[in-house]
Amino acid sequence: MITLSSDFGSPYPAAMRGVMLQQTDARIVDISHTFPRQDIRTAAFWLREIVPWFPSAVHCAVIDPGVGTDRQAVVADCGGHQFVAPDNGLVRPVVRALTETDDDVDWYAIRIDDPASSTFHGRDIFAPAAAAVHERPMDALLEEDLVVPTTPETDLTFPEPTEVGGAIHGEVLVVDDFGNAITNIPGETFVQEGSLRVNGDTVPFVPSFAHVDAGTPLLTVGSHGNIELAVNQGRGDTAFDVTPGEEIVVERA
Amino acid sequence: MITLSSDFGSPYPAAMRGVMLQQTDARIVDISHTFPRQDIRTAAFWLREIVPWFPSAVHCAVIDPGVGTDRQAVVADCGGHQFVAPDNGLVRPVVRALTETDDDVDWYAIRIDDPASSTFHGRDIFAPAAAAVHERPMDALLEEDLVVPTTPETDLTFPEPTEVGGAIHGEVLVVDDFGNAITNIPGETFVQEGSLRVNGDTVPFVPSFAHVDAGTPLLTVGSHGNIELAVNQGRGDTAFDVTPGEEIVVERA
Amino acid sequence: MITLSSDFGSPYPAAMRGVMLQQTDARIVDISHTFPRQDIRTAAFWLREIVPWFPSAVHCAVIDPGVGTDRQAVVADCGGHQFVAPDNGLVRPVVRALTETDDDVDWYAIRIDDPASSTFHGRDIFAPAAAAVHERPMDALLEEDLVVPTTPETDLTFPEPTEVGGAIHGEVLVVDDFGNAITNIPGETFVQEGSLRVNGDTVPFVPSFAHVDAGTPLLTVGSHGNIELAVNQGRGDTAFDVTPGEEIVVERA
């Protein structure tokens, strides 16, 4: 099984599918091709949340604003899961989520020195590399000189919330397609009953959206385990006027 | 084969795919993940129109504004097709379309009492249930206590058009991605030649879009068999100024 | 393997998948369903660029503003690849790209004279025909009278750039989802160093996007081999104020 993730929209991912299907009969499963353009951070968040629900697979993920520069193309082999991606931090959070220590992951640089283009390495480097990783063990790819051991150059981490005088200072990490603003504050930080104060306003903290009336703002614990700012049948990002990267302060009401 | 339908956009459906692929090698086919958010009625219409074109399959459909409340999660077993969905009316029209009487369908409540989240039952209840329904007969699932017989609590029906003094009073049921406004008026209600009056305006009633000039409003019989309000190479909803749920009056010109 | 291309958005392509899966176990791969509506030219460009990356397959492509009129439904058999499409020019460029001469392709008209609808031949003609072409040799389909030899009636070609006094007069063929404006000017027309003048403005001509600062306009050679007008992490169509079909003049700076 190979999963595909990108910010390519349509129809570029189809070229990647074609290239892979020249080399493999693997099932190909889309994670998303509508990640926000060139937004490594948002895609890194979603890969960390989504990939662990999959059985063992090769995950080809391409959000690649540095395409055609000298950034590395890498494979991260975590045992059950292998990631094929640019070395720009994109797969660091999911790799960390799937491993206990840095010793549990082996990194390789991909050696495709003559890609057909300088602008679409998804098709010309990552897709053929992902198919090769799916079809043959890493040892064979080392032997063929398709990959060589490397060390990743770029890291990416999400901030932890901090406590200041009883208030939790967190951050909106991403906004999902429903408009739910997902924070970095773990759900268990607060007891889920009654209300909380968010940036000074008192808002109900409930088990799910429909526990308040349609159109009413709420806090809940999203499927990722963190607190999210939402509106029942509406958009939390609009109601709370927040965007990714913005600080929010949450405290007991 | 398992089909997937939701209003989740991207990338949440990928988590559902991952969960199912942990349990099954079934082909997974997307029907849509861009149904209008929380709009049970529109998705129910499309499931009724699309699913009957499929061979026998398990259909996992999640438009679920009541997620995390005490609404049931159900399986509707129609013989060839099984539906796994919230008990909110979503699959009632398609189940009715595929069966002759209520005796041809068996309903079960899904017993997953400890989902990982209260906000994403697509991933935590419906996906694993759909995989189980695909892999094992209902009897085995009863034995495992994964399901118990139940009665659905919520129905959903579409209105029938009525005749008032020779005019047909119908309703716009949905607007498709092209902007065609699909009504509940069967195509055979009128002879397809010449024109009809729609809300007072005279409009050609033609076999297909290109039978009038580009930009011209028309009535035609859509692929669902009902009259739709369209514009050749344009949007019918805009030209006729209609939205779903709105009454329209159609009569001979 | 069957690929699917259309301007149908969602959920109409699912009905096509269902119809095909009644007849075949083939892998079904989406190329795109978000081609601009009724825009045969743009889809023809992308089919020409994407399909050659695939292994042998049946390609079902439906951008069909003439649905329900007397335009032919055709199969183009190029040996390794077969195309099933309306006879409106849509597959002419890709067929030409995959063959050396017109003798390398056989054209057939599809004989489904009683489609279930006049408005959705994707479901009622092209999907069942594509499944049949996948499952049985053309000879068998001739025998069954599902197809008869024909000559395509509609051609579609893209213009070649011309040179006028040292300046290259080209055309913007399409704009991709990133906003890159893809021209018909081959990349090798100019040496890729320094700058070029585009419609009078001097712009760097670089190997890839990130060779200039974020937000800066640039020219580069896209993955299709042609010069494209782009902005690093931005939209080239906006920055250069161009739309498909528009002339652009490129010359040495």
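Draft legend 1. Examining the overall build of chain A more closely. Counting secondary structure elements, chain A contains six helices and 15 strands. In chain A, 64% of the contacts between residues at least 6 apart in sequence involve partners at least 24 apart. Put simply, chain A has 14 plus and 39 minus side-chain charges, and the middle of one group is 4 Å from the middle of the other.

Draft legend 2. Summary view of the packing of aromatic side chains. Residue and element names in this part refer to chain B. What the rule picks out here adds up to 18 aromatic pairs over all chains. Ring geometry for Phe45 against Phe158: centres 6.1 Å apart, planes inclined by 85°, an arrangement best described as edge-to-face. Note that Phe45 is positioned in helix 2 (residues 40-50) and Phe158 in the loop between strand 7 (147-149) and strand 8 (162-164), a separation of 113 residues in sequence. For Phe45, a relative accessible area of 0% gives the class buried.

Draft legend 3. Summary view of the pairing of strand 6 (residues 106-110) of chain B. Residue and element names in this part refer to chain B. Burial of strand 6 is extensive: four of the five residues sit out of reach of the surface. Looking at chain direction, strand 4 (residues 73-77) and strand 6 are connected through four bridges and run antiparallel. For Ala76, the partnering residue across the bridge sits in strand 6 and is Trp107. Note that strand 6 and strand 7 share three bridges and pair antiparallel. Within strand 7, the position partnered with Ala109 by the bridge is Val148.

Draft legend 4. Here's a closer look at the relation of the copies chain A and chain B. With an RMSD of 0.0 Å, chain A superimposes on chain B once it is rotated by 120° and translated 0.0 Å along the axis. Here the two chains are linked by the operation of a three-fold rotation axis. Using C-alpha coordinates, one finds that chain A approaches the rotation axis most closely at Arg27 of chain A, a distance of 5.3 Å. When the interface residues of chain A are mapped onto chain B, a mere 4% of them are again interface residues, pointing to distinct binding faces.

Draft legend 5. View of the interface of chain A and chain C. Contacts between the two partners involve 31 residues from chain A, matched on the other side by 28 residues from chain C. Surface buried jointly by chain A and chain C totals about 2,400 Å² across both partners, of which 59% is contributed by carbon and sulfur atoms. At the boundary of chain A with chain C, the tally comes to zero salt bridges. Counting the contacts that link chain A with chain C gives 17 residue pairs in polar contact (both at pLDDT 80 or more).

Draft legend 6. Expanded view of the relation of the copies chain A and chain C. It takes a turn of 120° to lay chain A on chain C, together with a shift of 0.0 Å along the axis; the resulting RMSD is 0.0 Å. Of the residues that chain A buries at the interface, just 3% are likewise interface residues in chain C, meaning the two copies contact each other through different surfaces.

Draft legend 7. Region of interest: the sheet that holds strand 2 (residues 28-32) of chain B. Residues and elements named next belong to chain B. The strand order across the open sheet built from seven strands is 2-1-3-5-4-6-7, with neighbouring strands paired in mixed fashion. Looking at strand neighbours, the two that pair on one side only are strand 2 and strand 7, the edges of this open sheet. Pairs of neighbouring strands in the sheet enclose a mean axial angle of 25°, with direction left out of account. Bridging between strand 3 (residues 58-62) and strand 5 (residues 82-86) involves three bridges; their strand directions are parallel. Opposite Val58, over in strand 5, you have Gln82 as the bridge partner. The strands that helix 4 (residues 121-135) touches are strand 1 (2-6), strand 3, strand 4, strand 5 and strand 6; relative to strand 3, the one it contacts most, it runs at about 170°.

Draft legend 8. Geometry of helix 2 (residues 40-50) of chain C. Taking burial as the measure, the eleven residues of helix 2 of chain C include nine buried ones, the bulk of the element. The set of residues buried in helix 2 of chain C consists of Ile40, Thr42, Ala43, Ala44, Phe45, Trp46, Leu47, Glu49 and Ile50 of chain C.

Draft legend 9. Quick look at a negative patch on the surface. Residue and element names in this part refer to chain A. Together, Glu100, Asp102, Asp103 and Asp104 make up a region of like negative charge exposed at the surface. Mapped onto the elements, Asp103 comes out in the loop between helix 3 (92-98) and strand 6 (106-110). A relative accessible area of 69% means that Asp103 is categorised as exposed.

Draft legend 10. Here's a closer look at the sheet that holds strand 7 (residues 147-149) of chain C. Residue and element names in this part refer to chain C. In spatial order, the strands read 2-1-3-5-4-6-7; together these seven strands make up an open sheet with mixed pairing. Strand pairing shows two members of the sheet lacking a second neighbour, strand 2 (28-32) and strand 7, which therefore form its edges. Strand-to-strand, the axes of this sheet are offset by a mean angle of 25°, without reference to chain direction. Alignment of strand 4 (residues 73-77) against strand 5 (residues 81-86), held across five bridges, turns out to be antiparallel. Bridge pairing in strand 5 places Ala73 opposite Pro86. Running over the sheet, helix 4 (residues 121-135) touches strand 1 (2-6), strand 3 (57-62), strand 4, strand 5 and strand 6 (106-110) and is turned about 170° from strand 3.

Draft legend 11. Up close: the packing of helix 1 (residues 12-21) of chain B against helix 4 of chain B. Residue and element names in this part refer to chain B. At a minimum axis distance of 8 Å, the contact between helix 1 and helix 4 shows a crossing angle of 40°. The angle between helix 1 and helix 4 places the two elements in the oblique class. Here the hand of the crossing between helix 1 and helix 4 comes out right-handed. Contact residues: Ala15, Met16, Val19 and Met20 in helix 1; Gly122, Arg123, Ala127, Pro128, Ala130 and Ala131 in helix 4. By residue class, the composition of the contact of helix 1 with helix 4 is eight nonpolar, one polar and one charged.

How each quantity is defined
Residues numbered from 1 in each chain as written. Chains lettered and ligands numbered in written order. Predicted model: local features only at pLDDT ≥ 70, side-chain atom pairs only at ≥ 80, totals over all residues. Heavy atoms only, no water. Helix = DSSP H or I, 4+ residues; strand = E, 2+ residues; numbered from the N terminus. Contact = heavy atoms within 4.5 Å. Lys, Arg positive; Asp, Glu negative; His and termini not counted. Charge placed at Lys NZ, Arg CZ, Asp CG, Glu CD. Phe/Tyr/Trp six-rings, centres within 6.5 Å; stacked < 30°, edge-to-face > 60°. Buried < 20%, exposed > 50% of the residue type's maximum accessible area, 1.4 Å probe, protein only. Pairing = 2+ DSSP bridges. Least-squares fit on C-alpha atoms with pLDDT ≥ 70 in both. Buried area = accessible area lost by both parts, 1.4 Å probe. Salt bridge = Lys/Arg side-chain N within 4 Å of Asp/Glu carboxyl O. Polar contact = N/O pair within 3.5 Å; in protein donor to acceptor, adjacent residues only side chain to side chain. Axes fitted to C-alpha atoms, helices over the stretch in contact; angles between N-to-C directions. Patch = residues over 30% accessible without salt bridge, like charges linked within 9 Å, V, L, I, M, F, W, Y side chains within 5 Å. Areas by Shrake-Rupley, 256 points an atom, 1.4 Å probe, with all protein chains shown as cover. Parallel < 35°, antiparallel > 145°, perpendicular 65-115°, else oblique. Left-handed = near helix turned anticlockwise from the far one by under 90°. Nonpolar A, V, L, I, M, F, W, Y, C, P; charged D, E, K, R; others polar.

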